[in-house]
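# Topology and contacts: notes
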Amino acid sequence: SSAALWGGRFSAGPAAALADLSRSTHFDWRLADHDITGSVAHAHVLHAAGLLSDDEVRDMVAALERLRADVASGAFGPTPDDEDVHTALERGLVERAGAELGGRLRAGRSRNDQIATLVRMYLREQSRVLSGLVLDVVDALVEQAARAGEAVLPGRTHLQHAQPVLLAHHLLAHAWPLLRDVERWADWDARAARSPYGSGALAGSSLGLDPAAVAAELGFAGPVENSIDGTASRDVVAEFAFVAAMTAVDLSRLAEEVVLWSTVEFGFVRLHDAYSTGSSIMPQKKNPDVAELARGKAGRVVGDLTGLLTTLKGLPLAYNRDLQEDKEPVFDQVDQLRVLLPAFAGMVATLTFDTARMAELAPRGFSLATDVAEWLVRQHVPFREAHEVAGACVRACEAHTPPVELHELTDDELAAISPHLRPEVREVLTVAGSVASRDAVGGTAPVRVAEQLEAARARAAAL
Ligand code: ARG
């Protein structure tokens, strides 16, 4: 026996193979509570339009609330005959309200406007949960930055030593993109806050139902402007998926550094035992699995976005059943980020930095050569010449066996390279002097980083 929502023009129920293909309850059941909330709002507009009496709307809503409680307790759930969450809940409503009353709710709506609305309700709710979890990672980064004080590390480009920077500056460079991800979800919400309910199958409703009333009851800013667009578009879902993917990518960039930094070769950071794993064979191992899973899940979450966009590509208006495939990618993103983010925040909060090791390596690799060139510019040497002179200093260092560092060149050696290289150049040949000199807004000077830390705290607090 088929529980399908059609029958009138069909002489046979769906083939078992079709039912197996078509069924979506194993993933769309998570929308059941939102579906019931939407049904209550729909009952209210049916009543306002004179299509349900006072008694009927009261009994309808009471039956829906009993159904909601049974869904929550697990007493009611989908059966293999239910095609999707909507089919199952209509069966549950009819079981509770009777076929006469229960059969009235479907008037003036379609599963097409229903599902488009429920996905938006669910994603708006999840965007808030995920934003809170991302902000926990931001908090952990900001607190580590505060704890780092004026500790330095070798800043890199191309993964090569470039210029020394404050550890706090580097950590905050991971916090800002995550803050922007949270801002992206907040911006997205303004576009997601339009309700497709009332669009019907595609053309709108003829029964005098008020889409604005449903939208308001469901927490939307208003209804969609176009019923075809409301049922056929999923750009709102894709945009959510992009922010989820971007968040995962931003986490994976930091994850990669944690993996590198925790190696013997770097030795910049130690992971807390509670956020690292051992090996079943190698007793000494302490592995950065949280960071590796972050890196790995980023690939999967980007794949979810790619799959979704590919599903949407080339779909004609309006609703097509392909759109049922929009849900699993974003549900997977939500599920992955909801397990990843708390572990990631814990890992970051419990990192211990070896600041002595980082300070020792910060000036290595001639990372103060730019400071020499810029010191020369302050002595009115053209930068083109200053760059050549600083480069010659590096060459002089490397000519020693073994090579020496810039500050180890003698006054005579410096003067032989260029008469502009007076002993005063040594004031920038220290890491502290170098970072302190980068004191424009956004730079790594301690005074600027202290301001930046407060700015990051304020931005996080405002979200
Ligand atoms: N399960 C469908 C989905 O997720 C709901 C809409 C189905 N509409 C239809 N006409 N078959 O997209």
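Sequence order as written defines residue numbering, which begins from 1 separately in each chain. The predicted nature of this model means local features are confined to residues of pLDDT at least 70 and side-chain atom pairs, given and counted, to a pLDDT of 80 or more, with totals for whole chains, interfaces and linings taken over all residues.

An unreviewed UniProt entry lists the protein chain under the name Argininosuccinate lyase, with Cellulomonas marina as the source organism. Of the comments in the UniProt record for the protein chain, the one headed Catalytic activity (unreviewed entry) reads "2-(N(omega)-L-arginino)succinate = fumarate + L-arginine". Its UniProt record gives the protein chain the following Subcellular location (unreviewed entry) comment, quoted word for word: "Cytoplasm". UniProt positions are given in the numbering used here, feature names are shortened, and annotations may be inferred rather than shown by experiment.

So, about the overall build of the protein chain. Assigned secondary structure in the protein chain consists of 18 helices and 6 strands. Since a compact globule built from 463 residues should have a radius of gyration of about 23 Å, the 31 Å found for the protein chain marks it as more spread out than a globular shape. Put simply, 74% of the contacts in the protein chain that link residues at least 6 apart link residues at least 24 apart. Numbering of helices and strands starts at the N terminus; helices are DSSP runs of H or I of at least 4 residues and strands are runs of E of at least 2. As a reference, a globule follows 2.2 Å times the number of residues to the power 0.38, and the radius of gyration itself is taken over C-alpha atoms. The contact rule is simple: place each C-beta atom from the backbone, and if two of them lie within 7 Å, those residues are in contact.

This paragraph deals with helix H15 (residues 383-399). Compared with the 24 Å implied by 1.5 Å per residue over 17 residues, the 24 Å span of H15 between its first and last C-alpha is a close match. Looking at the buried positions of H15, the neighbouring elements they touch are helix H14 (369-378) and helix H16 (411-417). The span you would expect from a helix comes to 1.5 Å times its residue count less one.

Okay, the domain arrangement of the protein chain next. As used throughout, domain bounds are those supplied by an automatic or database domain assignment. Along its sequence, the protein chain is carved into domain 1 (16-107), domain 2 (112-139 + 165-206 + 228-360) and domain 3 (361-462). A C-alpha centroid distance of 32 Å is found between domain 1 and domain 2. Facing the 9 residues of domain 1 at the interface are 10 residues of domain 2. Counting residues per element, the ones that place at least two in the side of domain 1 that touches domain 2 are helix H2 (25-28) and helix H3 (32-48). Tallying contributions element by element places H3 first for the side of domain 1 that touches domain 2, with 3 residues. Residue polarity is assigned by list, with Asp, Glu, Lys and Arg as charged and Ala, Val, Leu, Ile, Met, Phe, Trp, Tyr, Cys and Pro as nonpolar; anything else, Gly included, falls into the polar class. A breakdown of the residues in the side of domain 1 that touches domain 2 according to their chemical character gives 2 nonpolar, 4 polar and 3 charged.

Time to look at the nonpolar core. Residues enter a nonpolar core if they are buried, belong to Ala, Val, Leu, Ile, Met, Phe, Trp, Tyr or Cys, and are joined to the set through C-beta atoms within 7 Å. Neighbour counting defines burial: a residue surrounded by 20 or more other C-beta atoms within 10 Å of its own C-beta is buried, one with 12 or fewer is exposed, and intermediate counts give partly exposed, using backbone-placed C-beta atoms. Core analysis: the biggest nonpolar cluster contains 98 residues, and Val137, Val138, Leu141, Val152, Ala168, Ala175 and Phe344 have the highest contact counts within it. Ranked by the residues each element gives to this core, the list is headed by helix H6 (residues 111-148), at 17 residues. For alanine 168, the residues in contact, after removing those within four places along its chain, are Ala145, Ala148, Val449 and Leu453. Formed by 17 residues, the second largest nonpolar core is a distinct cluster that contains Leu368, Ala369, Leu376 and Ala386.

To decide nearness, the C-beta atom of each residue is placed from the backbone, and the residue is near a molecule or strand if that atom lies within 6 Å of it. Around the ligand, the structure places Ser24, Asp28, Asp84, Arg111, Asn112, Ile115, Arg321, Leu323 and Gln324. Broken down by element, the shell around the ligand gets its largest block of residues, 3 residues, from H6. For the shell around the ligand, a count of residues per class yields 2 nonpolar, 3 polar and 4 charged. The residues that make up the shell around the ligand include at least three from each of domain 1 (16-107) and domain 2 (112-139 + 165-206 + 228-360).

Time to look at the confidence of the model for the protein chain. Note: pLDDT gives the predictor's confidence per residue, expressed from 0 to 100. Confidence in the prediction of the protein chain, expressed as mean pLDDT, is 96, and 99% of residues score 70 or more. Per the prediction output, this complex has pTM 0.95; the corresponding ipTM is 0.93.

Now for unusual backbone geometry. Going from leucine 317 to alanine 318, the amide bond is cis rather than trans, its omega being -5 degrees. Structurally, the position occupied by alanine 318 is in the loop between helix H11 (289-312) and helix H12 (327-349). The linkage connecting threonine 401 with the following residue, proline 402, adopts the cis geometry, with an omega of -10 degrees. Within the secondary structure, proline 402 is located in the loop between H15 and H16. If you check the backbone angles, histidine 158 has positive phi at about 55 degrees while not being a glycine. As for its placement among the helices and strands, histidine 158 is situated in the loop between strand E1 (152-157) and strand E2 (160-166).

Right, let's get into the pairing of E1. Bridge count for E1 against E2 is 6 bridges, and the pairing is antiparallel. Residue pairing for E2: glycine 155 is matched across the bridge by glutamine 163. Two strands make a pair as long as DSSP finds a minimum of two bridges between them. Between the antiparallel neighbours E1 and E2 lie 2 residues, among them histidine 158 with a positive phi of about 55 degrees.

Now for the environment of histidine 34. Among the structural elements, histidine 34 can be located in helix H3. Between the C-alpha atom of histidine 34 and that of threonine 117, which follows or precedes it by 83 residues, the distance is 9.1 Å. In contact with histidine 34, other than residues within four places in its own chain, are Leu118, Met121 and Tyr122.

This brings us to the environment of alanine 291. For alanine 291, the position within the fold is in helix H11. Residues alanine 291 and valine 259 lie 32 residues apart in sequence; the distance between their C-alpha atoms is 6.5 Å. In this structure alanine 291 touches Ala255, Val258, Val259 and Met347, once residues within four positions along its chain are discounted.

Following both chains from N to C, one finds H6 and helix H10 (residues 235-261) inclined at 15 degrees, their axes separated by 11 Å at the closest point. The angle between H6 and H10 falls in the class roughly parallel. For the pair H6 and H10, the sense of crossing is left-handed. Together, Val119, Arg120, Leu123, Ser127 and Val134 of H6 and Val236, Val237, Phe240 and Thr247 of H10 make up the contact between the two elements. Interaxial angle, 0 to 180 degrees, is taken between N-to-C directions of lines fitted to C-alpha atoms, where a helix line uses only the stretch in contact. Put simply, angles under 35 degrees are roughly parallel, angles over 145 are roughly antiparallel, angles from 65 to 115 are roughly perpendicular, and the rest are oblique. By convention the crossing between two helices is left-handed if the near helix lies anticlockwise of the far one by an angle smaller than a right angle, and right-handed if it lies clockwise.

On to the packing of H11 against H12, then. Close contact between H11 and H12 brings their axes to 10 Å; oriented N to C, the two are set at 160 degrees. The orientation of H11 with respect to H12, classified from their angle, is roughly antiparallel. Pair H11 / H12 crosses with left-handed handedness. In this structure, H11 contributes Val290, Ala291, Leu293, Ala294, Lys297, Arg300, Val301, Asp304, Gly307 and Leu308 to the contact, and H12 contributes Pro329, Val330, Asp332, Gln333, Gln336, Leu340, Ala343, Phe344 and Met347.

With that out of the way, let us pick up the environment of glycine 365. Following the sequence through the fold, glycine 365 ends up in the loop between helix H13 (355-361) and H14. Accessibility expressed as a C-beta count within 10 Å gives 15 for glycine 365, which makes it partly exposed. In sequence terms glycine 365 and leucine 218 are 147 residues apart; their C-alpha atoms lie 60 Å from each other. Once residues within four sequence positions are removed from consideration, glycine 365 is found in contact with Pro154, Gln160 and His161.

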